[in-house]
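Okay, here's what each chain looks like letter by letter:
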Amino acid sequence: MSSLSRELVFLILQFLDEEKFKETVHKLEQESGFFFNMKYFEDEVHNGNWDEVEKYLSGFTKVDDNRYSMKIFFEIRKQKYLEALDKHDRSKAVEILVKDLKVFASFNEELFKEITQLLTLENFRENEQLSKYGDTKSARAIMLVELKKLIEANPLFRDKLQFPNLKNSRLRTLINQSLNWQHQLCKNPRPNPDIKTLFVDHSCGQPNGARAPSPSPASNPLLGGAVPKPGGFPPLGAHVPFQPTPAPVPTPLAGWMSNPPTATHPAVSGGPIGLGGPPIPAGLKHPRTPPTNPSVDFPSGDSEHPSKRTRPMGNDEVNLPVNVLPVSFPGHAHSQAFNATDDLPKTVARTLNQGSSPMSMDFHPIQQNLLLVGTNVGDIGLWEVGSRERLVQRNFKVWDLSACTIPLQAGLVKEPGVSVNRVIWSPDGSLFGVAYSRHLVQIYSYHGNDDVRQHLEIDAHVGGVNDLAFSHPNKQLSVITCGDDKLIKVWDAQNGAKQYTFEGHEAPVYSVCPHYKENIQFIFSTALDGKIKAWLYDNLGSRVDYDAPGRWCTTMAYSADGTRLFSCGTSKDGESHIVEWNESEGAVKRTYQGFRKRSLGVVQFDTTKNRFLAAGDDFSVKFWDMDNTQLLTNSDADGGLPASPRIRFNKDGTLLAVSANENGIKILANPEGLRMLRNYENLAFDASRASEAAKPTVNPMSSAVASSAGLTDRVGPVVGLSAMNGDVKPRITEETNDKSKIWKLSEINEPSQCRSLKLPENLRVTKISRLIYTNSGAAILALASNAIHLLWKWQRSDRNSSGKATATVSPQLWQPSSGILMTNDAADTNPDEAVSCFALSKNDSYVMSASGGKISLFNMMTFKTMTTFMPPPPAATFLAFHPQDNNIIAIGMDDSTIQIYNVRVDEVKSKLKGHSKRITGLAFSNVLNVLVSSGADAQICVWSSDGWEKQKSRFLQLPPGRPPTAQSETRVQFHQDQIHFLVVHETQLAIYEATKLECVKQVVGSTRISCPDISCDVFLSNVHSLVIAAHPHEPNQFALGLSDGSVHVFEPLESEGKWGVPPPAENGSASSVPTTPLVGGSAQDQAQR
């Protein structure tokens, strides 16, 4: 529906309200879904008209649309159920339970069981959580407060809670204006005409009594396009009801238009069929695949709520103002391809480590050696890639929380984690923008070197801000954003004022691509339903409605000279497409070949030199000549790339930034780029050596963290060892250039050498047996040897704006109001001899735990025991949740078997046999669909998680003379790439590749290694019998559980910011060798202090 048709509905609503058609007003509100009348909704809730309440809501949302909607319907139906119980109408309560509330059982079965149990109570207020329930009237009022908050926070109600500010009787006024106009067009207008009908156009009678003929294009000059009489109303233009004449559009864009403007030339052409066909709205609202383009497959799939995947990045070349557009030189003609690959950046020149996983990158448009990076934990970094120096590091922080919307404030309190979706420089490089996964856009100003200042913070969208671009409409710099709320917005880049809001997409908007042609500025946008739309800087709606190949995650970009348009997209089934568009016809011109049959993630692309296309696919970077659909060449960047790496060219195309595993970024260069980097390296080399030599030496210690050699530009150390007396000499099966390097240890033996915090104690706890950070990083969970669990939670405050675990602010030892503890079923044996184990669900809602007895499943919010199962013998020795289904648990047993257990149906689905001693480690890979197990027999096994058959097994290579002891433990943990995993044994640390089960790296210790854990950047072990946990996001933060029942959190001093002292760079030797080791925790990344 067009924007004017939508406004007409509001005019009708106003008219019906003024005429007191009350029921009809609310029926139209509900059926149109344009305006949610909160006053009417409140009245119906207060009156308990539940059927009408739900019917009215159904015009705006359904139960399963999102979590807000689900909560709204649940609260209403719960209230209806409680009122039936309060009236002792059991049959009605059962009916509500079965018909209305059972739908929620699939989302929270335990809650449904608890609600069902209320039927057994004489008074449901006997339930602790309902003990404060008053009378019906007060309960409805309390619920209504909650419902209003949920509705206001629900993105589906956005812009539907406020009725437009209209003058009284606006529809009557418009009709009177129309009648006045019609009267002025009469050939013989009469004074004070008596108009008695609106069903036909008004016309005054002829002098002799004859009636005027019905108006037609032939007889009425206005309908033929003539200008009305002087003093009359201006012409309406197009003669389709409520359809204004669009503003002029560039010729290329006109070919895409589903509703092209009225033109003086014939609308029919003899060319191929495109989107600019005859103006038949019904046929063009959802145009079909162009018949001239049979090679492109358009799979179906209209879900508006796809899983969030990594989004591709666009190209800043499309955002450049006219005076700095790249120039295409005749000498760059590329009809001959014999030397084409020489111009491509394919040589690995630098390897950087951002400290958290890169999500978006952009080179400075002028200083092309500066790389801006945004990560999955909200960090941004600015690198000078020639010298490998990180100039700037900023962690995510809301600059002015009080200026943010209530939904954002509430969301950040509940879950403070954010990711960067996009970073981009302004055309002149004086500003850069950061789009986050939660509402916000932050604009920084750049003043050279490391001088970065806060410029603007905009609460731009409800949900994620998916893309960001700069443009120059009206000769002023603007910021364009798009988001999960299906909107595109334009903001003044200087003061943050909102200039335009474009609505019309029916799914979250995924990307924007601003451009200009023939002095006309416009924006292409793509949404997650595959729709491509185009917008002028006006309020007249979209000019394009078309399906992109793949019909899911798509980005668009122009060539550097702005003459050629490309798009890259990936379907939900993993089919990827890069195509060039024929703008004049709105059809696909060519489709490029060479993608993996099923891409592992969303493929992203970039263009350079008006000549090449590049895309990250199949663990490599693939290149095409723009004029040839066949793959030109590809590069794996010496290995270590993720399945779909993020890529970004610099403006000249001499450098290419590629995201790598282990939070890495590889800088690829062509010969010209290598010369440029060498120049910067020579300038910075002496200074960097002097800086490294000046760093103080840290004394030896008993608990140590080591850092990898050769990584002078890391935020934190890469690999750490402790409990080793003497040097640690890594035996590395790859990267032979690094064999001579010794990993240096940073040891702590004085409290002044670090920041530490002893967590509040529980006197009932003795020795800490297991310790883990929650996945959110905001809490620590411990399991003591006496089977009691402890949970410490950090709160957001002025001193701790992130709400994450820290050694600077003390947490709360949390316990529910009921006072119960999470206590495992204890074994009859000595508690110190029992093997303790636990595992957290991905959303931190449940913990599965055992202390030698039965396995218990606890609710982390209420501490209630949901169920217990599997009494010993054999006893559980290790637990792991299936990554895709929290109901499936892998349980390692004391008898060397692994049981695959379904909690929901209380059934062992499979029993895996392959080890000869107890299971000591389990880890799932959700990329490879495998389970890796390890045992006290020093054996590693790989199992398919589809059929649970064993794929491979291998025994560890133990040093001579050091056989495994009876108490030997082998632990395994997958790296964030889900392909490599770390193995920790008392004799060694090793990294394996899971598909071939080959050892990639190995470090043999001279003494026993115990109690290790992996952080997102380092792993740690210690000599004493301590339990160690690593923060999932902070690479330098660890927690220690001691034998006296206490837990300590420790971090480096703020003045140092990281552990370890990296050795000096070896004259560029690391520049061509991948120095990023394949070690890291699954929770990924770092936020540097």
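Thresholds, definitions, all that
Residues numbered from 1 in each chain as written. Predicted model: local features only at pLDDT ≥ 70, side-chain atom pairs only at ≥ 80, totals over all residues. Heavy atoms only, no water. Phe/Tyr/Trp six-rings, centres within 6.5 Å; stacked < 30°, edge-to-face > 60°. Helix = DSSP H or I, 4+ residues; strand = E, 2+ residues; numbered from the N terminus. Buried < 20%, exposed > 50% of the residue type's maximum accessible area, 1.4 Å probe, protein only. Axes fitted to C-alpha atoms, helices over the stretch in contact; angles between N-to-C directions. Parallel < 35°, antiparallel > 145°, perpendicular 65-115°, else oblique. Left-handed = near helix turned anticlockwise from the far one by under 90°. Contact = heavy atoms within 4.5 Å. Nonpolar A, V, L, I, M, F, W, Y, C, P; charged D, E, K, R; others polar. Pairing = 2+ DSSP bridges. UniProt positions renumbered as here; feature names shortened; annotations may be inferred.

By the naming in an unreviewed UniProt entry, the chain is CTLH domain-containing protein, taken from Salvia splendens.

Enquirer: Talk me through the packing of aromatic side chains; I want residue IDs and the actual numbers.
Expert: How two aromatic rings sit relative to each other is given by the distance of their centres and the angle of their planes. Following the criterion strictly, the structure yields 30 aromatic pairs and no others. Relative to phenylalanine 163, the ring of phenylalanine 35 has its centre 5.1 Å away and its plane inclined at 80°; by these criteria the two rings are edge-to-face. With phenylalanine 35 in the loop between helix H2 (22-32) and helix H3 (38-46) and phenylalanine 163 in the loop between helix H8 (136-153) and helix H9 (170-184), the pair connects residues that are 128 residues apart, well separated along the chain. Take phenylalanine 35: its relative accessible area is 10%, and that puts it in the buried class. Taking the relative accessible area as the measure of exposure, phenylalanine 163 reaches 25% and is therefore partly exposed. Judged by centre distance (5.1 Å) and plane angle (75°), the rings of tyrosine 40 and tyrosine 56 are edge-to-face. Here tyrosine 40 is found in helix H3, whereas its partner tyrosine 56 is found in helix H4 (residues 50-57), with 16 residues between them in sequence. A residue is classified by how much of its surface remains accessible, and tyrosine 40, at 13% relative accessible area, is buried. By way of ring pairs, the aromatic residues Phe36, Tyr40, Phe41, Tyr56, Phe60 and Phe157 are connected into one cluster.

Enquirer: Kindly report on the packing of helix H5 (residues 67-86) against helix H6 (residues 90-101), identifying the contributing residues and their values.
Expert: Packed helix pairs are specified by the crossing angle of their axes together with the interaxial distance, meaning the distance between the axes. Two elements in contact, H5 and H6, have axes separated by 8 Å at closest approach and are oriented at 165°. Judged by the angle between their axes, H5 and H6 are roughly antiparallel. Taken as a pair, H5 and H6 cross one another with a handedness that is left-handed. For the pair H5 and H6, the contacting residues are Phe74, Arg77, Lys78, Lys80, Tyr81, Ala84 and Leu85 in the first and Arg90, Lys92, Ala93, Ile96, Leu97, Asp100 and Leu101 in the second. For the contact of H5 with H6, the class distribution of residues is 8 nonpolar, no polar and 6 charged.

Enquirer: Lay out the sheet that holds strand S42 (residues 888-893) in plain terms, naming residues and giving numbers.
Expert: What the 4 strands build is an open sheet, ordered S41-S42-S43-S44; its pairing is antiparallel. Both outer strands of the open sheet, strand S41 (876-881) and strand S44 (907-913), are each paired with one neighbouring strand and no more. When the angles between neighbouring strand axes are averaged without regard to direction, this sheet yields 20°.

Enquirer: So what's going on with the UniProt feature "repeat: WD" (unreviewed entry) in the chain? Which residues, and what values?
Expert: As recorded in UniProt, the sites labelled "repeat: WD" (unreviewed entry) are residues 458-501, 603-634 and 912-944. Annotated as 0% helix and 62% strand, the span residues 603-634 places its first and last C-alpha atoms 15 Å apart.

Enquirer: Run through the sheet that holds strand S57 (residues 1047-1051), naming residues and quoting values.
Expert: Across a sheet, strands are paired by hydrogen bonds formed along the backbone, either parallel or antiparallel in direction. Spatially, the 4 strands line up as an open sheet ordered S32-S57-S56-S55, and their pairing is antiparallel. Looking at strand neighbours, the two that pair on one side only are strand S32 (755-758) and strand S55 (1027-1030), the edges of this open sheet. Averaged over all neighbouring strand pairs, the angle between strand axes comes to 20°, with direction disregarded. As judged from the 4 bridges shared by S32 and S57, these two strands associate in the antiparallel manner.

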